[in-house]
Amino acid sequence: MSVASSAEAAFQKHYGSAPAGLWAAPGRVNLIGEHTDYNDGFVLPFALPQQTVAAVAPAREPGWTVHSDLADEPVSFGTTAPGDIGGWAAYVAGVVWSLQQAGFDVPPARIALSSDVPLGSGLSSSAALESAVLTALTDLGGFDLPVEKRPGLAQRAENDYVGAPTGILDQSASIRCQEGKALFLDCRSLEVEQIPFDLAAAGLAILIINSNAPHQHVDGEYGARRKSCEEAARVLGVPALRDVPVEGLADALARLDDEVMRRRVRHIVTENQRVLDTVELLRADRVRDIGPLLTASHASMRDDFEITVAQVDVAVEAALAAGAYGARMTGGGFGGCVLALIDADRAEETTAAVVRAYAEKGFTAPTIWPATAAAGARKL
Ligand code: GLA
């Protein structure tokens, strides 16, 4: 059964009537531009076909009730404040709260959720959930809320309600991506350019390799990276590391005493440039040529930003050894997924090579599938 059908069926089962509508929002992979979002920099994600679907109808009684196919018990809540609701339902309550904080009169609603976005794999299952609920409530409430303002509200739910200090990448991807396109986002101006990203036409494919190593960024490491970047920007006297151009990198590094901080800055500054270079190549229809940039991004995350783990490094190395044009970890790090750019007809060999490398290391087997650039949040 499709995710949409199971959300609809769950609604019918739990509430005894049909939903008013179905709203879907996807998970994402980030092609390149990691940890640049909270440095006011550039990112280039695309949406995955895997999505969260919210079946929703207005409720007569006040408050919100949510069923999830991943939880045994529904959660009901009225108007809440950060800290009142925990667990998965915090992402839903957080969106209601965030909309209310922005001055919207959020209609009471019944919600049933279904999702096939892998959890805890760095593919933004939480942003998919927030974005599906936000889109549904915005439509139901008839809010005048332009699409470019929506990711910020979903991000606020995650930052201030759930308490994860993430940037605006994931929610922007889930809400603003378009089918067949990669989303070039300037995280400062929030301007976007939809970059045609037709892999099949070029005889190429992107494999997603889920390392199946546990991924968790609501812990200290993500926050520590963010702090280090903000501290570096303060020392350098710029609003954000975005303001250090790659030509100014050597000077900037010379002004920093701390070796760790120097490495963090080098990653962000070079990564922003790699996003710009990737966009240039894609605009020129030179998809294959982005491979070395992907691989350089991985090396930078591994050596300078220090956010990779053995499982993702092994996946990258095995994919490259099997002939991939480029490969890199995608997402927040410390586990999660790798993407590899390959010739479409090399998917089987590449998959086998990565599986073999994992077996040799004694790692839990990876999960591997080809990704296509799918649509962003929408009413079905
Ligand atoms: C996580 C965060 C994003 C972004 C990425 C790293 O996915 O939620 O905001 O910082 O990590 O690029």
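This text follows the structure it describes.
Residues numbered from 1 in each chain as written. Predicted model: local features only at pLDDT ≥ 70, side-chain atom pairs only at ≥ 80, totals over all residues. Heavy atoms only, no water.

Chemist: I keep staring at the sheet that holds strand S2 (residues 42-43) and nothing clicks. Help me out?
Modeler: Adjacent strands of a sheet pair through backbone hydrogen bonds, lying either parallel or antiparallel. With antiparallel pairing, the three strands of this open sheet are ordered in space as S2-S7-S8. Since the sheet does not close on itself, it has two edges, and those belong to S2 and strand S8 (192-196), each with one partner. Bridging between strand S7 (residues 181-186) and S8 involves five bridges; their strand directions are antiparallel. Bridge pairing in S8 places Lys181 opposite Pro196. The sheet contacts of helix H5 (residues 169-176) involve S2, S7 and S8, and relative to S7 the element is tilted by about 135°. (Pairing = 2+ DSSP bridges. Helix = DSSP H or I, 4+ residues; strand = E, 2+ residues; numbered from the N terminus. Contact = heavy atoms within 4.5 Å. Axes fitted to C-alpha atoms, helices over the stretch in contact; angles between N-to-C directions.)

Chemist: Just to check I follow, could you spell out the sheet that holds strand S5 (residues 75-77) for this structure?
Modeler: A sheet is described by the order of its strands in space; here six strands give the open sequence S5-S4-S6-S3-S1-S13, paired in mixed fashion. Lying at the two open borders of the sheet, with one neighbouring strand each, are S5 and strand S13 (378-379). Pairing geometry for strand S3 (residues 45-58) and strand S6 (residues 109-115), over seven bridges, is antiparallel. The residue bridging Ala57 from the neighbouring strand is Arg110, located in S6. Contacting strand S1 (21-30), S3, S6 and S13, helix H3 (residues 125-141) crosses the sheet at an angle of about 145° to S1. Most of the contacts of H5 go to S1, to which it runs at about 130°, and overall it touches S1 and S3.

Chemist: Whenever I open this one, the pattern of salt bridges confuses me. Can you help?
Modeler: Pairing between side chains of opposite charge can happen when the charged atoms of each approach one another. Here the structure, examined in full by the defined rule, presents 23 salt bridges. With a closest N to O distance of 2.7 Å, Asp243 and Arg188 form a salt bridge. Taken together, the residues Asp243 in the loop between helix H6 (220-236) and helix H7 (249-254) and Arg188 in the loop between S7 and S8 connect sequence positions 55 residues apart. We classify Asp243 as partly exposed; its relative accessible area is 28%. Linking Arg288 and Asp343 is a salt bridge whose minimum nitrogen-to-oxygen distance equals 3.4 Å. Placement of Arg288 in the loop between helix H8 (259-283) and helix H9 (291-303) and of Asp343 in strand S11 (residues 337-343) is noted, with a sequence separation of 55 residues between them. We classify Arg288 as partly exposed; its relative accessible area is 34%. (Salt bridge = Lys/Arg side-chain N within 4 Å of Asp/Glu carboxyl O. Buried < 20%, exposed > 50% of the residue type's maximum accessible area, 1.4 Å probe, protein only.)

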